[in-house]
Amino acid sequence: GAVVSQHPSWVICKSGTSVKIECRSLDFQATTMFWYRQFPKQSLMLMATSNEGSKATYEQGVEKDKFLINHASLTLSTLTVTSAHPEDSSFYICSASPRTSGGNEQFFGPGTRLTVL
Amino acid sequence: QKEVEQNSGPLSVPEGAIASLNCTYSDRVSQSFFWYRQYSGKSPELIMSIYSNGDKEDGRFTAQLNKASQYVSLLIRDSQPSDSATYLCAGKTYSGNTPLVFGKGTRLSVIA
């Protein structure tokens, strides 16, 4: 149990285009999902906390107008990178906590590797 | 003090040995603690969670939590080359649906 999927697993796009990444909890409901970014050989960096039915909470330094987060249901959160630029190329990973775990344990999706040309 | 600190390694152990990974945390990180394993190019995978003082065993893995000394450790018995990965220690500042605070990770290399 506690499986989180992401789609797509990798994407290559041209500079200036927008890319949408989906995060789904497959076998549990998650009121909260988290979005991380990881550059090569660096640690995970939390970008935002996504709450179902409400606005996301962004970490300091993360542009909310550039990284649009929508948490439309208890099993789906999306991250849209708008007007992507090469410096946005990174590994984007979401995580989710099952409601039954009281929000303690978090399970990660497999990640989406974004390359902006 | 950083909220969650780990030695970046690399930690090298021979196959079959016990690998010991350590993590210290600040006063703010007082709730649950977790160990994740991350292979290169992959996302983190939850190995163990520990919430109270003492040891918690799961197969070849044992997590140890000492709240008085503010450290949490992970022991891997009978280490295998497939255990070679980066191990991330994480804690929470609040209970419930709040973000994890991660250490930078310790790279473990198990030599065959």
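In this report, the structure presented in the accompanying data block is examined. Counting of residues starts from 1 at the beginning of each chain's written sequence and follows it residue by residue. Chain A is the first chain written and ligand 1 is the first ligand written, with later ones labelled in order. Local features are withheld for residues below a pLDDT of 70 in this predicted model, meaning they are given only at 70 or higher, and side-chain atom pairs are given and counted only at 80 or more; totals for whole chains, interfaces and linings count all residues. Hydrogens and water molecules were not included; the side-chain quantities draw on all heavy atoms of the structure.

1. So, the nonpolar core
Counting 26 residues, the largest nonpolar core has F67(A) and L114(A) as the members making the most contacts within it. Where this core is concerned, the elements lending two or more residues are β2 (10-13), β3 (19-25), β4 (32-38), β5 (45-51), β7 (67-73), β8 (76-81), β9 (90-96) and β11 (112-116) of chain A. Residue contacts are counted whenever heavy atoms from the two residues lie within 4.5 Å of one another. Residue contacts for F67(A): discarding those within four places in its chain leaves R37(A), M47(A), Y58(A), V62(A), L79(A), T80(A), V81(A), D88(A) and Y92(A). Nonpolar cores are built from buried Ala, Val, Leu, Ile, Met, Phe, Trp, Tyr and Cys residues. Side-chain atoms within 4.5 Å join them into one set. Note on classification: 1.4 Å probe, protein chains only; a residue is buried when its accessible area is under 20% of the maximum for its type, exposed when over 50%, partly exposed between these limits. Among the nonpolar cores identified, the runner-up in size contains 24 residues, and V4(B), V13(B), L21(B) and C89(B) belong to it. Segments assigned H or I by DSSP are reported as helices when at least four residues long, segments assigned E as strands when at least two residues long, and all are numbered from the N terminus.

2. A closer look at the sheet that holds strand β7 (residues 61-66) of chain B
Residue and element names in this part refer to chain B. A pair of strands is labelled paired if DSSP reports no fewer than 2 bridges between them. The antiparallel open sheet is built from 5 strands, whose spatial order is β1-β3-β8-β7-β6. The two strands at the open ends of the sheet, each matched to only one other strand, are β1 (4-6) and β6 (54-58). For this sheet the average axis-to-axis angle between neighbouring strands, irrespective of direction, equals 20°. Sheet analysis places strand β3 (residues 19-25) next to strand β8 (residues 71-76), joined by 6 bridges and oriented antiparallel. Note on β8: the bridge partner recorded for L21 is L74. To define axes, lines are fitted to C-alpha atoms, for helices over the stretch in contact only, and angles between the resulting N-to-C directions are given on a 0 to 180 degree scale.

3. Remarks on the state of the cysteines
Only a pair of cysteine sulfur atoms within 2.5 Å counts as a disulfide in this structure description. Per the stated rule, a full pass over the model turns up 2 disulfides over all chains. Here C23(B) connects covalently by a disulfide to C89(B), the sulfurs 2.1 Å from one another. Between C23(B) and C89(B), the S-S dihedral sits near -75°, and the bridge is therefore left-handed. Taken together, the positions of C23(B) in strand β3 and C89(B) in strand β9 (residues 85-92) put the pair 66 residues apart, joining distant regions of the chain. Given a relative accessible area of 1%, C89(B) falls into the buried group. Among the cysteines around C13(A), which has no disulfide bond, C94(A) carries the closest sulfur, lying 19 Å off.

4. Points about the layout of surface pockets
Roughly 1100 Å³ of volume is contained in the largest pocket. Think of a 1 Å grid over just the protein atoms. A cavity is a set of points where a 1.4 Å probe fits yet cannot get out, a pocket is an open set with protein on both sides within 12 Å along at least five of seven lines, and lining residues have an atom within 4 Å of a point. Residue lining of the largest pocket: 43 residues in total, with Q38(A), Q42(A), S43(A), L44(A) and K104(B) positioned closest to the centre. Only β4 and β5 of chain A together with β1, β9, β10 (100-102) and β11 (106-111) of chain B provide two or more residues apiece to the lining of the largest pocket. Classifying every residue of the lining of the largest pocket by side-chain character gives 17 nonpolar, 16 polar and 10 charged. Grid points are joined across faces, edges and corners, and a volume is the space filled by probe spheres set on the points. Under the convention adopted here, Pro, Cys and the residues Ala, Val, Leu, Ile, Met, Phe, Trp and Tyr are nonpolar, Asp, Glu, Lys and Arg are charged, and Gly plus all remaining residues are polar.

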